[in-house]
Amino acid sequence: MTLLTLRARGARRRRVITSVVAALSLATLSFAVVPAAAAHKKDDLPEPRRCANGANQTYKKLLECVTVEGVRDHQAGLQAAADANVDDVYPGTRAAGTSGYDNSVAYVSETLEDAGYHVTLNEFEFTFTFPATLDQLTPVAASYPTGAYTGSGSADVTGSVIAVDLALAPPRASSSGCEATDFAGLDFSGAADIALIQRGTCSFAVKAVNAEAAGAEAVVIFNQGNDPTREALIVGTLGGADVVAIPVVGASFAQGEALAAAGSTARVVVQPNEVRTNVNVLAELPGYNDDNVVMLGAHLDSVSAGPGIQDDGSGSAAILEVAEQMANVHPENPVRFAFWGAEELGLIGSTAYVAGLTDEERAKIALYLNFDMIGSPNYIQTVYDADQSTFVAPVAIPDGSAAIEDLFESFYTSRDEPYDDSEFNGRSDYQAFIDAGIPAGGLFTGAEGVKTEAQAAIWGGTVGAQYDPCYHLACDDFDNINLHALEINSDQVAFAVLTYAFSTETVNGVPGRKVPGARFHLPAPAGEQGTFATAGGGDEHDHDGEPE
């Protein structure tokens, strides 16, 4: 057992996790809820107790009770969960398959149970990848940070590095490894040869498959280097399990340049993967119309490089805070809160969850709201562009999704907060829901994209820096946050969830009833700021390794 004592900076309370999920039992898809304790409405109670004991089912009350301090308290809990992970192969993280993730499950589960919810742990299996090795032996000796691509094979390979159609000089318009002809004339007849391939144009899978067909015994795919967002270490996915039998690892652009030197030799080690069991954490607030469920979610896992307190501890903490404050609400529609596992490995938990539902269960989900990164330090405010007013979506958008976008935009407008569009591209946990025809929407404050002058003039921040400079890095910790973005977007979560808890008529035509005491007038959306000129919302947040 692990004891985690949380001392959140500026927190309104301290929570002690007294146990960690050591063995995760098979969970079912039943969503019963333990009735919350009866409210005790006394005006002389301190505000936190009034919030905990009250129904909080008016906009005014819920938005008062959902506080950025409460969200930060939960982020501190997730940081403690990562800090307690000292023995795993990925210490200090909350990556799927580590004790840091188990600690996170325990924290979220105990918080929900304390609020009166019955928690369901929804099991699924995934492929756990161990740390990989990339050492350059000649003409220089160096050990490089790396990782194995999801779908990679395993082996310990020492041999010659063979560059494949690289574009190292600007503008570095790379299509390295995208065609079988890229390997023509290259000598892969040695006992052990390592193909060095540059990111760009086609999927990682195409590059790896072509290299294996050419006779390479290992592959290094390094970042493209064509702009500042493509300089760092890149480790992606080949889009499935066991895509190739040879090891495939990642490298930064600078490391790729070094490995491309004449006479370069290297060692690549990828250990065999291991199938492990993970869980999604689910809890439901009961409503009167069991056939019209409102769902919202955020991913609970981090990457293996760091604790992930912004990505996606921001979304997870905000949803947890809203769940706590809504525990005594009696809505028209059930509200199902979801904390997804293994999102960073390819949206595995949410995909498994939706696939595991019956047709009848899927049909009961009215809509899904996704909150993945909502407090980026160098933030912009964006809403998934369901009406395609800025970006033509590369995915099918279910009817009703544009109404969700309108709600978020109107709330920003009511707070005089400027906003822009983010491409509706399926690159987060809403993908499985839209694939099932379920309307979806969400918020995003930016990942590895770079802030422009126009955006800094609107939202402030640093021109030329990433929206989240610690995206997928060890420094994504408790201090990696913008409090204003976190506060306004936590309010967004609360407002949208309470709205749809009482009526989803604007989304799917199912009538409900007004939010109690509703005197909140939403203005029409003010309109996007129009700061993006290219697809992708100026950002990637890529978990699928698809063409870029």
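Reference entry: report on the structure contained in this document. All of these numbers come straight from a predicted model, not from anything done at the bench. (Residues numbered from 1 in each chain as written. Predicted model: local features only at pLDDT ≥ 70, side-chain atom pairs only at ≥ 80, totals over all residues. Heavy atoms only, no water.)

1. Re the pattern of salt bridges
- For the coordinates displayed, the defined rule picks out 9 salt bridges.
- As a salt-bridge pair, Arg267 and Asp156 come within 2.6 Å of each other at their nearest N and O atoms. Here Arg267 is found in strand S10 (residues 265–270), whereas its partner Asp156 is found in strand S6 (residues 155–163), with 111 residues between them in sequence.
- Look at the salt bridges and you will find they share partners, linking Asp291, Glu360 and Lys364 into a network. (Salt bridge = Lys/Arg side-chain N within 4 Å of Asp/Glu carboxyl O. Helix = DSSP H or I, 4+ residues; strand = E, 2+ residues; numbered from the N terminus.)

2. Some words on the nonpolar core
- Formed by 64 residues in total, the largest nonpolar core has its most connected members in Leu112, Tyr117, Met326, Phe337 and Leu369.
- In terms of residues, this core owes the most to one element, helix H13 (residues 483–502), which gives 11 residues.
- Residues Val293, Phe433, Ile438 and Ala440 belong to the second largest nonpolar core, which totals 24 residues. (Core = buried A, V, L, I, M, F, W, Y, C linked by side-chain atoms within 4.5 Å. Buried < 20%, exposed > 50% of the residue type's maximum accessible area, 1.4 Å probe, protein only.)

3. What about the environment of Ala432?
- Inspection of the secondary structure puts Ala432 in helix H11 (residues 431–435).
- For Ala432, a relative accessible area of 10% puts it in the buried group.
- Not counting residues within four places of it along the chain, the set of residues in contact with Ala432 comprises Ser350, Thr351 and Val354. (Contact = heavy atoms within 4.5 Å.)

4. Considering the packing of helix H4 (residues 99–115) against helix H7 (residues 313–325)
- Where H4 contacts H7, the two axes come as close as 9 Å, and the packing angle between them is 15 degrees. The angle between H4 and H7 places the two elements in the roughly parallel class. In terms of crossing hand, the pair formed by H4 and H7 is right-handed. When H4 is examined against H7, the residues Tyr107, Val108, Thr111, Leu112 and Ala115 are found in contact with a partner set consisting of Leu320, Ala323 and Glu324.
- When the residues that make up the contact of H4 with H7 are grouped by side-chain class, the tally is 6 nonpolar, 1 polar and 1 charged. (Axes fitted to C-alpha atoms, helices over the stretch in contact; angles between N-to-C directions. Parallel < 35°, antiparallel > 145°, perpendicular 65-115°, else oblique. Left-handed = near helix turned anticlockwise from the far one by under 90°. Nonpolar A, V, L, I, M, F, W, Y, C, P; charged D, E, K, R; others polar.)

5. Here we look at the sheet that holds strand S8 (residues 218–222)
- Strand order in the open sheet formed by 7 strands is S5-S4-S10-S6-S7-S8-S9, and the pairing between neighbours is mixed. On the outer flanks of this sheet lie strand S5 (142–144) and strand S9 (248–251), each paired with one strand and no other. Taken pair by pair, the neighbouring strands of this sheet meet at an average axis angle of 30 degrees, ignoring direction.
- Pairing of strand S7 (residues 193–198) with S8, which is carried by 5 bridges, proceeds in the parallel orientation. Bridging across to S8, Ala195 finds its partner in Val219.
- Strands in contact with helix H5 (residues 204–214) are S7, S8 and S9; relative to S7, the strand with the most contacts, it is inclined by about 150 degrees. (Pairing = 2+ DSSP bridges.)

6. Concerning the pairing of S6
- Looking at chain direction, S6 and S10 are connected through 6 bridges and run antiparallel. By the bridge assignment for S10, Gly159 is matched with Ala266.

7. Some points on H7
- An ideal rise of 1.5 Å per residue puts 18 Å on 13 residues; H7 measures up with 18 Å between its terminal C-alpha atoms.
- Within H7, 13 of the 13 residues are buried, leaving the element largely enclosed by the surrounding structure. (Expected span 1.5 Å × (residues − 1).)

8. With respect to the packing of aromatic side chains
- Tallied over the entire structure, the rule returns 19 aromatic pairs.
- Summarising the aromatic geometry, the rings of Tyr412 and Tyr419 are spaced 6.0 Å apart at their centres and angled 15 degrees between planes, so their arrangement reads as stacked. Note on accessibility: Tyr412 and Tyr419 belong to one class, buried.
- Here the aromatic cluster, defined as three or more aromatic residues joined through ring pairs, consists of Trp340, Tyr353, Tyr368 and Phe433. (Phe/Tyr/Trp six-rings, centres within 6.5 Å; stacked < 30°, edge-to-face > 60°.)

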